[in-house]
Amino acid sequence: MMLAFLWALAPKASAQVSQSEVVKSGKSQASLMAPSSFVHGGDLTVALMLKPEKNWHNYWVNPGDSGMATTVKWTLPEGLSAGPLEFPIPHQFESSGLVSFGYSEPVFLLTKIHVPEDFSAAEIMIKASVSWLTCNDNGCVPGDAKLQVDVKAGDAENADTVLPGVDSMIYPSDQSAKLKNAVAAEEGEFLVLSAEAAPDLDKLLVGELSAFFESNAIVEHGYAAKVSVEGRQLSIRAKKSEFFGEMPAEVAVVIIPKERANSLRLVFSKK
Amino acid sequence: MESAELKMFFVQKTNLTTLMKNRFTNLFAIATAFSMITLAGATEVGEKAPDFEAKDVTGKVVKLADLKGKTVVLEWINFGCPFVKKHYGSGNMQKLQGTAADDSVVWITVNSAAEGKQGYLAPDSAEPALSKEKWAGAHYIVDASGVIGKAYGAKVTPHMFVIDKEGVLVYNGAIDDKSTTKAEDVEGATNYVTQALAELAEGKEVSVPTSKPYGCGVKY
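What this report covers is the structure whose coordinates are included nearby.

Thresholds, definitions, all that
Residues numbered from 1 in each chain as written. Chains lettered and ligands numbered in written order. Predicted model: local features only at pLDDT ≥ 70, side-chain atom pairs only at ≥ 80, totals over all residues. Heavy atoms only, no water. Helix = DSSP H or I, 4+ residues; strand = E, 2+ residues; numbered from the N terminus. Buried < 20%, exposed > 50% of the residue type's maximum accessible area, 1.4 Å probe, protein only. Contact = heavy atoms within 4.5 Å. 1 Å grid on protein atoms, 1.4 Å probe; cavity = no way out; pocket = protein on both sides within 12 Å on 5 of 7 lines; lining within 4 Å. Points joined across faces, edges and corners; volume = space filled by probe spheres on them. Nonpolar A, V, L, I, M, F, W, Y, C, P; charged D, E, K, R; others polar. Buried area = accessible area lost by both parts, 1.4 Å probe. Salt bridge = Lys/Arg side-chain N within 4 Å of Asp/Glu carboxyl O. Disulfide = S-S within 2.5 Å. Core = buried A, V, L, I, M, F, W, Y, C linked by side-chain atoms within 4.5 Å. Domains from an automatic or database assignment. Polar contact = N/O pair within 3.5 Å; in protein donor to acceptor, adjacent residues only side chain to side chain. Pairing = 2+ DSSP bridges. Axes fitted to C-alpha atoms, helices over the stretch in contact; angles between N-to-C directions.

1. Digging into the overall build of chain B
Across its full length, chain B carries six helices and 11 strands. In chain B, which comprises 220 residues, the share counted as buried stands at 54%. When contacts within chain B are restricted to residue pairs at least 6 apart in sequence, those whose partners lie at least 24 apart make up 71%.

2. Description of the layout of surface pockets
There is about 580 Å³ of room inside the second largest pocket. As for the second largest pocket, its lining consists of 30 residues, of which A:Met68, A:Thr71, B:Ser179, B:Thr180 and B:Asp185 are closest to the centre. Breaking the lining of the second largest pocket down by element, the ones donating at least two residues are β6 (58-64), β7 (71-75), β11 (123-136) and β12 (139-153) of chain A. Residue classes in the lining of the second largest pocket are distributed as 10 nonpolar, 11 polar and nine charged.

3. Some remarks on empty space enclosed by the protein
Following the criterion strictly, the structure yields one cavity of 30 Å³ or more and no others. A volume near 40 Å³ is recorded for the largest cavity. Around the largest cavity sit A:Asp65, A:Val219, A:Glu220, A:His221, A:Ser241, A:Phe243, B:Lys155 and B:Lys212, which together line it. Here the lining of the largest cavity is built from residues that sort into two nonpolar, two polar and four charged.

4. Points about the interface of chain B and chain A
The partner chain A presents 23 residues to the 25 residues of chain B that form the contact. For the pair chain B and chain A, the two sides together bury roughly 1800 Å², of which 56% comes from carbon and sulfur. Across the contact surface, chain B and chain A share two salt bridges. Put simply, the parts of the chain that give the side of chain B that touches chain A at least two residues each are α2 (82-89), β10 (169-173) and β11 (216-217) of chain B. Looking at the side of chain B that touches chain A residue by residue, the class counts come to seven nonpolar, 13 polar and five charged.

5. Re the state of the cysteines
All names here are of chain A. The tally for this structure, following the rule as stated, stands at two disulfides over all chains. Residue cysteine 135 pairs covalently with cysteine 140 via a disulfide, S to S 2.2 Å. Here the disulfide of cysteine 135 and cysteine 140 is right-handed, its torsion about the S-S bond being about 110 degrees. Taken as a pair, cysteine 135 and cysteine 140 share a single burial class, namely buried.

6. Quick word on the nonpolar core
A:Phe108 and A:Ile126 are the most contacted members of the largest nonpolar core, which totals 45 residues. With six residues, strand β5 (residues 43-52) of chain A is the largest single contributor of residues to this core. Summarising the domain contributions, this core has at least three residues from each of domain 1 (4-168) and domain 2 (173-270) of chain A. With 40 residues, the next largest nonpolar core counts A:Cys140, B:Phe83, B:Ala100 and B:Val162 among its residues.

7. Topic: the pattern of salt bridges
Residues and elements named next belong to chain A. Evaluation of the coordinates by the stated rule reveals 15 salt bridges over all chains. Across the salt bridge formed by arginine 237 and glutamate 187, the nearest N and O atoms sit 3.2 Å from each other. Of this pair, arginine 237 sits in strand β18 (residues 233-239) while glutamate 187 sits in strand β14 (residues 179-187), and the two are 50 residues apart along the sequence. For glutamate 187, a relative accessible area of 41% translates into the label partly exposed. Residues participating in the shared-partner salt-bridge network are Lys24, Lys27 and Glu53.

8. Some remarks on the environment of A:Pro199
Residue and element names in this part refer to chain A. Within the secondary structure, proline 199 is located in helix α2 (residues 199-202). Overall, the relative accessible area of 42% leaves proline 199 in the partly exposed class. Considered as a pair, proline 199 and arginine 232 are 33 residues apart in the sequence and their alpha carbons are 7.2 Å apart.

9. A look at the side chain of B:His139
Residue and element names in this part refer to chain B. As for its position among the elements, histidine 139 is in strand β7 (residues 139-142). Residue histidine 139 is classed as buried on the basis of its relative accessible area, which comes to 13%. Engagement of the side chain of histidine 139 in a polar contact is seen with the side chain of aspartate 56, the distance being 2.7 Å. Beyond its immediate chain neighbours, meaning those up to four positions away, histidine 139 contacts Asp56, Lys60, Val62, Val106, Trp107, Ile108 and Thr109.

10. Examining the sheet that holds strand β5 (residues 72-76) of chain B
All names here are of chain B. Taking strand neighbours across the sheet as the criterion, the five strands line up as β7-β6-β5-β9-β10 in an open arrangement whose pairing is mixed. Here the strands that pair on one side only, and so sit at the sheet edges, are β7 and β10. This sheet shows a mean twist of 15 degrees between the axes of neighbouring strands, independent of strand direction. With four bridges joining them, strand β6 (residues 106-111) and β7 adopt parallel strand pairing. Within β7, the position partnered with isoleucine 108 by the bridge is histidine 139. Against the sheet, helix α6 (residues 192-201) contacts β5, β9 (160-163) and β10, and its axis sits at roughly 5 degrees relative to β9.

What follows is the structure, given as structure tokens:
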């Protein structure tokens with residue numbers, strides 16, 4: 001069933017975009033979208049659209065105290081592989097004292113597929129097996145869908161088409177390369193991330209900043225991490241989770257300014 | 001650690017007559033829940049597990065301190081939660097409960113959903129639900145005030161705790177390492193409760209004493 005017109009951020013019917021059917025399962029609808037053509041040697045961006053019913057929400061990569069991150073199993077032609085799922089910046093939800101992270105609005109989760117120069121086929125069938133959980137204050141309902149889009153070999157301009165709706169989302173941009181001495185250390189009941197930021201980065205680190213941790217069992221989700229910038233020195237102080245085991249080799253954090261107009265992803269290494 | 005002592009007391013409606021039907025329902029006959037609970041801050045592994053006293057849905061008084069000498073498992077439950085359905089639908093939870101009973105481990109299932117919230121089960125209507133799900137634990141406690149849940153810091157369903165024979169909390173966390181709602185993921189998962197119980201039985205230390213629990217939020 002083609003229900004694309006039901007999407008709040010529905011793509012306009014376009015020759016440049018391929019879209020799967022829209023599948024409703026549980027309390028959300030899901031669909032897959034990609035540029036209608038690819039070029040050899042290029043990257044293809046594929047978007048999974050997930051739209052919860054009103055007053056329900058789906059989850060970020062770290063669902064928080066409860067819930068479940070949306071996951072996708074990709075089936076691609078031999079020689080191709082999908083990159084990690086990129087989630088837009090999440091919101092925080094609170095219920096009965098528990099904190100979780102996710103979206104009550106429709107979102108687009110992205111992945112990049114690199115197509116090698118020597119990839120021989122003229123068409124790529126992209127298949128996704130998607131699992132998600134949609135919750136509200138009263139309960140949770142799982143959903144799943146098997147989706148497919150086909151992309152044909154074509155011109156570069158079309159392959160670079162920005163998928164409609166995707167440009168309205170804010171995705172964290174990984175700026176870890178602009179940090180020096182980015183380390184994660186334990187200080188009693190706290191987890192402290194510190195680094196020296198490059199000059200062009202500290203311009204982005206202004207105003208009221210929130211830090212969202214990508215890993216699930218590291219910090220207390222209900223404790224608002226303190227993000228402070230003094231000169232070029234960045235410091236993020238969070239409370240360790242009661243389920244904190246060993247310090248992981250890397251701690252990834254998403255920094256979101258109050259205005260939510262941009263976002264950084266920063267990775268810190270175990271001291 | 002700061003230790004706030006809080007004594008709680010709650011009484012729920014009794015409905016004896018409608019349940020006196022057969023031997024099995026007799027088990028669940030007395031639906032009075034009467035609890036005196038000492039709430040002692042957040043619970044950490046390695047510390048004494050908070051004591052509690054409550055009546056289960058059969059009317060039996062369960063007092064943790066009286067279970068000294070036995071290993072105890074606490075399971076937070078909500079049959080409406082997809083993560084709970086995963087472990088009951090696959091028969092995984094009932095299997096664990098059966099094995100626990102065989103090994104003289106006392107399995108206590110706690111429902112901390114508040115009255116009026118999703119998953120709340122009135123003590124006098126618990127029996128049909130437990131029977132339908134083939135629940136096989138030793139005690140099912142309706143903790144609608146949430147005092148037991150909050151004493152343990154139970155966050156989700158299922159959230160699992162293991163208490164050793166000395167009354168010390170030795171495990172706090174997830175049931176296993178596959179945080180999904182799919183029954184097929186039960187097979188091949190490392191079950192932390194099974195692992196902790198096996199290690200305790202061999203006199204070993206629990207190798208994974210905490211893990212991040214996964215599930216639906218407890219509906220306090």
